[in-house]
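Fold and geometry: a report
Single-letter residue listing:
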Amino acid sequence: MKKTLLAIVPLLAAACSAPAPEPYGPVPSAAQLAWQRMEINMFCHFGPNTFTGAEWGDGKEREEVFSPTALDCSQWADVAAQAGMGGIILTAKHHDGFCLWPSAYSTHTVAQSPWRDGRGDVLREFTDACRERGLKAGVYISPWDRNHPTYGTQEYNTLFANTLREVHTTYGPFFEQWFDGACGEGPNGKRQQYDWPLFEGTVTGVNPHCVMFSDVGPGCRWVGNEEGHAGETNWSRLHVSEGQRTTEKGGSGDIDGDQWIPAEVDVSIRPGWFWHADEHPKTVAELMEIYYNSVGRNGLLLLNVPPDSRGRISAEDSSVLMAFRAERDRIFGHDLAQGATIKAYLGDGVWTEARSLYPTENLTDTAYHSFWMLKSKDTSDITLEIQLPEEREIDIVVLQEYIPLGQRVAKFSISYSFGDNKGGSWIASGTTIGYKRIIRLPHPIRTRTLYLNIESALAPPILNRVALYRS
Ligand code: FUL
């Protein structure tokens, strides 16, 4: 990350003739920052379960079960791109052990299936389709394998590392490697002691920019639920001690965590992770709620959209996704903070105008790497007065911290003036901001003057965006 900072910050410093600010705590790597900025990605659960109706195959499914009648990975990619997603993660191997590519390390793969005379390769079609559409491809390879005869022995760890190397060298680069936390018995009734340093080292060795997901990172962490919400307080930092594989802090992170491990919110558009004929997708309103509680709470949303037994995303799912996109575009298409004049103040009760090292204009421009910061080192009772060109009606406030320099804000509130009330009336409060925080006001307000009060921060706050909307 230092490299990225060194590349970006001097440019800014030169432009503003201000010294480059010091980062606070751990910061994202360039790959983690690019990952976070994707905001919404698609998850595709596809494999034998798509045809058997199971959620967890037992590994005894015959290879002929896998029989998509009209596989079309380009259609998945089109749907994802049109839904405003930047990447797709495919379950190349789920717990049943069936490989969607002809792996040299298993005899339970597409090569043993009569589908396309054993010459089919879903992972190849998937990665090609993503790249043709400008989407990033990610891969889920379950360490838990209920089919492989070596599962439960030391040999399996080497074999799984070889499988990872095979996938990443043949089909990579992948933007994300998904390591599922589930670990049960294999075909011989034994559980596996996973060699995580070997698995992670293998992926990093082949693809150092791959963001690795697991309950505790190292690239990103599980948010701790499959319902689609992060904590209202959500730090992108986490403490992970050596050998630790689970955490209670998935939703909140650790305020003083020593590693940058942001939260990923995985949730399915349907009740199950795999496609089942009798299940239906969530509504747009439910997806919007998930969006506010994931992306809007400093998380990345990984929305599962399972292809059906034809090997296509169903019309029902894709039409909900298009409506979900249209709803986000409608609400967030017009930033009502445009044209605002923003002044910074210090103090509690009595305010004194404060000088900025990086100008407040940077809060309303859309350039990601332009941010606002005070000249002083204050970390509390900082108010930004947002003066609109005329009275406007708003009910959503979006805040963004410039996370390449760390996550800092711990408590904030929002107030506004109306009529003769010049000092401002409280309307909302929150704790963390992070990459993005979306605050829905309890009711729409009409105002010309809005105040963002940063009540406390762990280091001088650095924000790169304040935006206002009317839903
Ligand atoms: C879980 C798995 O057991 C589910 O089948 C699914 O893949 C979900 C995303 O992760 O741990």
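Every chain's residues receive numbers from 1 upward, in the order its sequence appears when written. At least 70 in pLDDT is required for a residue's local features to be given in this predicted model, at least 80 for side-chain atom pairs to be given and counted, and no such filter applies to totals for whole chains, interfaces and linings, which use all residues. Side-chain descriptors were evaluated using all non-hydrogen atoms of the structure, hydrogens and water having been removed beforehand.

1. Focus: the layout of surface pockets
Definition in use: Think of a 1 Å grid over just the protein atoms. A cavity is a set of points where a 1.4 Å probe fits yet cannot get out, a pocket is an open set with protein on both sides within 12 Å along at least five of seven lines, and lining residues have an atom within 4 Å of a point. Grid points are joined across faces, edges and corners, and a volume is the space filled by probe spheres set on the points. Each helix corresponds to a stretch of at least 4 residues labelled H or I by DSSP, and each strand to a stretch of at least 2 residues labelled E; elements are numbered beginning at the N terminus. Gly counts as polar in this scheme, as do all residues outside two lists: the nonpolar Ala, Val, Leu, Ile, Met, Phe, Trp, Tyr, Cys and Pro, and the charged Asp, Glu, Lys and Arg.
The space that makes up the largest pocket amounts to roughly 530 Å³. For the lining of the largest pocket, the secondary structure elements donating two or more residues are α2 (30–38), α9 (315–332), β15 (380–401) and β19 (462–469). Its residues placed into classes, the lining of the largest pocket shows 10 nonpolar, 5 polar and 8 charged.

2. Considerations on the nonpolar core
Going by this rule: Think of a nonpolar core as a cluster: buried Ala, Val, Leu, Ile, Met, Phe, Trp, Tyr and Cys residues, connected wherever their side-chain atoms sit within 4.5 Å. Buried, partly exposed and exposed residues are distinguished by accessible area as a fraction of the type maximum, computed with a 1.4 Å probe on protein chains only: under 20%, between the cut-offs, and over 50%, respectively. Whether two residues are in contact is decided by their heavy atoms, any of which lying within 4.5 Å being enough.
Grouped together as the largest cluster of nonpolar side chains are 70 residues, with contacts concentrated most on M42, W76, I88, V122, L123 and L303. When near neighbours in sequence (up to four residues on either side) are disregarded, W76 contacts M42, C44, F46, L71, I88, L90, V122, F126, P307, G311, R312 and I313. Judged by nonpolar contacts, the second largest core, of 34 residues, contains A337, L374, L399 and A457.

3. Digging into the state of the cysteines
Two cysteines whose sulfur atoms are joined by a covalent bond form what is called a disulfide. Counted only if it meets this: Counting rule for disulfides: a pair of cysteine sulfur atoms within 2.5 Å.
Using the criterion set out here, one finds 0 disulfides in the structure. Residue C44 stays outside any disulfide, its sulfur separated by 8.3 Å from that of C130, the closest cysteine. Its relative accessible area of 0% is what places C44 among the buried residues.

4. Re the pattern of salt bridges
Test applied: Take a side-chain nitrogen of Lys or Arg and a carboxyl oxygen of Asp or Glu: if they are within 4 Å of each other, that pair is a salt bridge.
For the structure shown, the criterion picks out 26 salt bridges. With its nearest N and O atoms 3.4 Å apart, the salt bridge here joins R245 to E200. Within this pair, whereas R245 is found in the loop between β7 (237–238) and β8 (259–260), its partner E200 is found in helix α7 (residues 196–206), the two being separated by 45 residues in sequence. With relative accessibility at 26%, the residue R245 sits in the partly exposed group. Overall, E200 belongs to the buried group, its relative accessible area being 18%. With a shortest N-O distance of 2.7 Å, D254 and K249 are connected by a salt bridge. Look at the salt bridges and you will find they share partners, linking E391, E393, D395, R446 and R470 into a network.

5. Section: the site of the ligand
Under the convention used in this document: Any residue with a heavy atom lying within 4 Å of a molecule or strand is counted as near it. Here a polar contact means two N or O atoms within 3.5 Å. Within protein one must be a hydrogen donor candidate and the other an acceptor candidate, and residues neighboring in sequence count only if both atoms are side-chain atoms. Per-residue and other accessible areas were derived by the Shrake-Rupley procedure at a 1.4 Å probe size, with only the shown protein chains allowed to occlude residues.
Taken together, F43, H45, W56, H94, H95, Y140, W178, D180, A182, E226, D266 and W273 make up all the residues around the ligand. At 2.9 Å from an oxygen atom of the ligand is found a side-chain nitrogen or oxygen belonging to W56. The side chain of Y140 places a nitrogen or oxygen atom 3.2 Å from an oxygen atom of the ligand. Starting from 290 Å² of accessible surface for the ligand in isolation, the protein chains cover 89%. Considering only residue class, the shell around the ligand consists of 6 nonpolar, 3 polar and 3 charged.

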